[in-house]
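Chain by chain, the residues run as shown.
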Amino acid sequence: MISELVAKIGPIKITSTCSGRHARNSQHYSGRAIDFRPLAASTRSAVAAAKALASTGGVGSYPNGLVHVDVGAREASWYGHKRSNRQVADNR
């Protein structure tokens, strides 16, 4: 998933993988999620590219410009700390 994403948006700086503090039951703890900062694309275009990948489950962005992607089974997207189902809402 990471190589597909980088091919679409250019280089990224991964800021979080398995360690650190995350939500309870986070995909991070099982090595199935990353947080990153896009280096050659806007946050908005990075989120759009991540959502377009078949291999992503959850995609989120935060006010500080970080983007979260995971390969979990549930398709969810969010902005900030609020999460919602992709088919219902896209909180941009």
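For clarity, every value in this text was computed on a predicted model and none was experimentally measured.

Basis of the calculations
- Residues numbered from 1 in each chain as written.
- Predicted model: local features only at pLDDT ≥ 70, side-chain atom pairs only at ≥ 80, totals over all residues.
- Heavy atoms only, no water.
- Helix = DSSP H or I, 4+ residues; strand = E, 2+ residues; numbered from the N terminus.
- Contact = heavy atoms within 4.5 Å.
- Polar contact = N/O pair within 3.5 Å; in protein donor to acceptor, adjacent residues only side chain to side chain.
- Buried < 20%, exposed > 50% of the residue type's maximum accessible area, 1.4 Å probe, protein only.
- Patch = residues over 30% accessible without salt bridge, like charges linked within 9 Å, V, L, I, M, F, W, Y side chains within 5 Å.
- Areas by Shrake-Rupley, 256 points an atom, 1.4 Å probe, with all protein chains shown as cover.
- Salt bridge = Lys/Arg side-chain N within 4 Å of Asp/Glu carboxyl O.
- Pairing = 2+ DSSP bridges.
- Axes fitted to C-alpha atoms, helices over the stretch in contact; angles between N-to-C directions.
- Parallel < 35°, antiparallel > 145°, perpendicular 65-115°, else oblique.
- Left-handed = near helix turned anticlockwise from the far one by under 90°.

Locating S55 in the fold gives a position in the loop between α2 (43-52) and β3 (58-61). Here the alpha-carbon distance between S55 and I2, two residues 53 residues apart in the chain, equals 9.6 Å. Residues within four places of S55 in sequence aside, it is in contact with M1, E4, D70 and V71. In this structure the side chain of S55 is engaged in a polar contact, spanning 3.0 Å, whose partner is the side chain of E4.

In this fold, L66 is placed in the loop between β3 and β4 (67-70). Take L66: its relative accessible area is 15%, and that puts it in the buried class. Sequence-distant contacts of L66, defined by excluding residues within four places in its chain, comprise T15, F36, R37, G60 and S61.

On to a nonpolar patch on the surface, then. Taken together, the side chains of I2, V6 and I14 define a hydrophobic patch exposed on the protein surface, amounting to about 200 Å² of accessible area. Relative to the helices and strands, V6 resides in helix α1 (residues 2-9).

What follows covers the pairing of β3. Taking every second residue as pointing to the same face, both faces of β3 are buried, with G58 and G60 on one and V59 and S61 on the other. Of the strand pairs in this sheet, β3 and β4 are connected by 3 bridges, and their pairing is antiparallel. When the sheet's bridge partners are listed, G60 is paired in β4 with H68. Hairpin connection of β3 to β4: 5 residues between the antiparallel strands, including G65 at a positive phi of 95 degrees.

Our focus in this paragraph is the environment of M1. Residue placement: M1 occurs in the segment before α1. Note on M1: relative accessible area 22%, which makes it partly exposed. A sequence separation of 55 residues divides M1 from T56, and the C-alpha atoms of the two residues are 7.0 Å apart. Leave out the neighbours within four places in its chain, and M1 touches L53, S55, T56, V69 and V71.

Here we come to the packing of α1 against α2. Helix-helix packing is characterised by the crossing angle of the two axes and by the distance between the axes. The interhelical angle for the contact between α1 and α2, taken along N-to-C directions, is 135 degrees, at an axis separation of 10 Å. Taken as axis vectors, α1 and α2 run oblique relative to one another. When you trace α1 past α2, the crossing you get is right-handed. Counted together, L5, K8 and I9 of α1 and S45, A46, A49 and A50 of α2 form the full contact between these two elements.

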